[in-house]
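One-letter residues, chain by chain:
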Amino acid sequence: MALRVICLMSRFNARGVTTACRSMSSKANSKNIGFIGLGNMGGPMALNLMKGGHKLHVFDVSKEAAGKMKAQGATVYDKTSDLAGKSDFVITMLPNNDIVWKTYEEMTANGVNENTVFIDSSTIDPNVAQQVQKLVKAKGGRFVDAPVSGGVPGAVNATLTFMVGGTESEYECVKTILVDMGKRITHCGSYGMGQAAKLCNNMLLGISMIGVSEAMNLAIRLGLDPKVFSDIVNSSTGRCWSSEVYNPVPGVTPTAPANKGYAGGFSTELITKDLGLASGIATSSNTPIPMGAMAHQIYRTLKSRGYGSKDFSVIYEFLKNDKNN
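Under an unreviewed UniProt entry, the name given to the protein is 3-hydroxyisobutyrate dehydrogenase, and the organism recorded is Glossina morsitans morsitans. Looking at the Subcellular location (unreviewed entry) heading of the UniProt record, one finds this comment for the protein: "Mitochondrion".

Structural data, given as structure tokens:
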């Protein structure tokens, strides 16, 4: 999955933040927005910003991904620092802790513009988000963490949930941009709390997808029609996002990756990474997560068996195959 991440950096006092937000209140007054990471999530998110009337400045290690955005009217950059210099807001959507940290180090090495705001929408360790905020602040800028939930369908349809970590004034400011990509923008608290919310949510997502896959596999082996059983679940107490929107059984939910050979979507590699991050913060906070730890081990097994690039709902295919059990 290609790069994804962005942050808010700028030398803002409370008055500066308020001014920036006021200027964003009208669609007629479009902004220059930088977007770094144009993968399965970042690409559609960037397109929705363009649909909102904003001018996009983009970067991705994949020339193909960047080229697609160029064809839509975005300006492509070879250096993230140049991109940031032309942007009022910068959004990053990147795959892991190391890439996020290195991206921000490089992007801010020569300082940042006084009124640029950086938003990181990747999923990383809350402690890393806090370190990035300190880095950006030291350069004279502002940063918020704003990871997302809703998957590729949410990115495409601009119905994502954003979990924002930062001050109240920073939250109100970035909300004016995030509404073009999502339908629910929630202030979770201070820096890193958006990431804390996201990791807890993704731990639950991994657990629920395994549970739905187990139940669907058992029901089908007992002779139930998968669509009939899915309808029962989704009108009963077993209903969840994994069963209703992202069912892992091919032919049940038309838009789910299961109908595309488990291509695209949210990769097994990434859910494994997120579950590992959840395990790490659980250890540091002395919090028991027996189901989360088991889910992490199961997805690590899938990754080691060559399923890393497949959507994480491929767990159903893994469980269905007797050779894996």
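Next comes the rest of the description.
Student: Is there a simple way to think about the nonpolar core in this case?
Tutor: Here is a general trend for soluble globular proteins: nonpolar side chains tend to be buried in one another's company. With 32 residues, the main nonpolar core has Phe35, Met45, Phe162, Val164, Leu178 and Met181 as its most contacted residues. Among the secondary structure elements, those contributing two or more residues to this core are strand 1 (32–36), helix 2 (42–51), strand 2 (55–59), helix 3 (63–71), strand 4 (89–92), strand 5 (117–120), strand 8 (160–165) and helix 8 (168–178). In terms of residues, this core owes the most to one element, helix 8, which gives 5 residues. Counting residues in hydrophobic clusters, the runner-up holds 31 residues, among them Met203, Val249, Phe266 and Phe318.

Student: Please clarify how the UniProt feature "active site" (unreviewed entry) in the protein should be interpreted in this entry.
Tutor: Residues annotated in UniProt with the feature "active site" (unreviewed entry) correspond here to Lys198. Relative to the helices and strands, lysine 198 resides in helix 9 (residues 193–221). The class for lysine 198 is buried, based on a relative accessible area of 7%. A distance of 2.7 Å separates the side chain of lysine 198 from the side chain of threonine 123, its partner in a polar contact.

Student: How should I be thinking about the packing of aromatic side chains in this particular structure?
Tutor: Any pair of aromatic rings gets described here by the distance separating the centres and the angle formed by the planes. Following the criterion strictly, the structure yields 7 aromatic pairs and no others. Measuring from ring centre to ring centre gives 6.4 Å for tyrosine 104 and phenylalanine 118, while their planes differ by 70 degrees; the resulting arrangement is edge-to-face. With tyrosine 104 in helix 5 (residues 97–108) and phenylalanine 118 in strand 5, this residue pair connects regions lying 14 residues apart in the sequence. We note that tyrosine 104, like phenylalanine 118, is buried. When the ring of tyrosine 246 is compared with that of phenylalanine 312, the centres are 5.8 Å apart and the planes differ by 35 degrees; the resulting orientation is tilted.

Student: What is the right way to read the environment of glutamate 168 from this model?
Tutor: Here glutamate 168 lies in helix 8. You can call glutamate 168 partly exposed: its relative accessible area is 46%. As a C-alpha pair, glutamate 168 and serine 190 span 22 residues in sequence and 8.6 Å in three-dimensional space.

Student: What's the story with the pairing of strand 9 (residues 182–189) in this structure? I'm lost.
Tutor: Along a regular strand, successive side chains alternate from one face of the sheet to the other. Relative to strand 9, strand 8 runs parallel, the two being bridged by 6 bridges. Considered in strand 9, the bridge of leucine 160 is made with glycine 182.

Student: Looking at this structure, how should I read helix 2?
Tutor: Working note: α-helix, 3.6 residues per turn, so residues spaced by three or four point in the same direction. Within helix 2, 8 of the 10 residues are buried, which leaves the element mostly enclosed by the surrounding structure. Along helix 2, the residues that are buried comprise Gly42, Gly43, Pro44, Met45, Ala46, Asn48, Leu49 and Met50.

Student: What is the right way to look at the packing of helix 9 against helix 10 (residues 226–233) in this model?
Tutor: For any two helices packed against each other, the geometry comes down to the angle between their axes and how far apart the axes lie. Where helix 9 meets helix 10, the closest approach of the two axes is 10 Å, and the angle between their N-to-C directions is 135 degrees. Comparing the axis directions of helix 9 and helix 10 gives the class oblique. Handedness of the helix 9/helix 10 crossing: right-handed. Within the contact between the two elements, helix 9 uses Ala215, Met216, Ala219 and Ile220 and helix 10 uses Pro226, Phe229 and Ser230. Classifying every residue of the contact of helix 9 with helix 10 gives 6 nonpolar, 1 polar and no charged.

Student: Can you walk me through the pairing of strand 1 in this structure?
Tutor: With 4 of its 5 residues buried, strand 1 lies for the most part within the structure. The pairing of strand 1 with strand 4 spans 4 bridges and is parallel. Opposite glycine 34, over in strand 4, you have valine 90 as the bridge partner.

Student: Would you mind going over the side chain of asparagine 247 with me for this structure?
Tutor: Assignment of secondary structure puts asparagine 247 in the loop between helix 11 (241–244) and helix 12 (268–284). Here asparagine 247 falls in the buried class, since its relative accessible area comes to 1%. Side-chain polar atoms of asparagine 247 contact the backbone oxygen of serine 243, separated by 3.1 Å. In terms of polar contacts, asparagine 247 uses its side chain to reach the backbone amide nitrogen of valine 249, at 3.0 Å. With near-sequence residues (within four places) excluded, asparagine 247 lies in contact with Met216, Ser230, Ser242, Val252, Thr253, Ala256 and Ala258.

Student: Help me understand unusual backbone geometry, please; the structure alone is not making it clear to me.
Tutor: Glycine aside, the phi torsion of most residues is negative, and most peptide linkages are trans. One non-glycine residue, alanine 158, lies in the positive phi region at around 60 degrees. Checked against the element boundaries, alanine 158 lands in the loop between helix 7 (151–157) and strand 8. Of note, tyrosine 262 is a non-glycine position whose phi angle comes to about 60 degrees, a positive value. Its relative accessible area of 4% is what places tyrosine 262 among the buried residues.

Student: What is the right way to read helix 5 from this model?
Tutor: A rise of 1.5 Å per residue sets the reference length of helix 5, with its 12 residues, at 16 Å; its end C-alpha atoms lie 17 Å apart and thus fit the reference within 8%. For helix 5, the set of buried residues is Val100, Thr103, Tyr104, Met107 and Thr108. Seen end-on, helix 5 carries its buried residues on one side only, within an arc spanning 105 degrees. Away from its buried face, by an angle of more than 90 degrees, helix 5 presents the exposed residues Asp98, Lys102 and Glu106. Each element contacted by the buried residues of helix 5 is listed here: strand 1, helix 4 (80–85), strand 4, strand 5, helix 6 (126–138) and strand 6 (142–145). The N-cap residue of helix 5 is asparagine 96: its side-chain oxygen and the backbone nitrogen of aspartate 98 are 3.2 Å apart.

Reading the values: the criteria
- Residues numbered from 1 in each chain as written.
- Predicted model: local features only at pLDDT ≥ 70, side-chain atom pairs only at ≥ 80, totals over all residues.
- Heavy atoms only, no water.
- UniProt positions renumbered as here; feature names shortened; annotations may be inferred.
- Core = buried A, V, L, I, M, F, W, Y, C linked by side-chain atoms within 4.5 Å.
- Buried < 20%, exposed > 50% of the residue type's maximum accessible area, 1.4 Å probe, protein only.
- Helix = DSSP H or I, 4+ residues; strand = E, 2+ residues; numbered from the N terminus.
- Polar contact = N/O pair within 3.5 Å; in protein donor to acceptor, adjacent residues only side chain to side chain.
- Phe/Tyr/Trp six-rings, centres within 6.5 Å; stacked < 30°, edge-to-face > 60°.
- Pairing = 2+ DSSP bridges.
- Axes fitted to C-alpha atoms, helices over the stretch in contact; angles between N-to-C directions.
- Parallel < 35°, antiparallel > 145°, perpendicular 65-115°, else oblique.
- Left-handed = near helix turned anticlockwise from the far one by under 90°.
- Contact = heavy atoms within 4.5 Å.
- Nonpolar A, V, L, I, M, F, W, Y, C, P; charged D, E, K, R; others polar.
- Expected span 1.5 Å × (residues − 1).
- Arc of directions from axis to C-beta.

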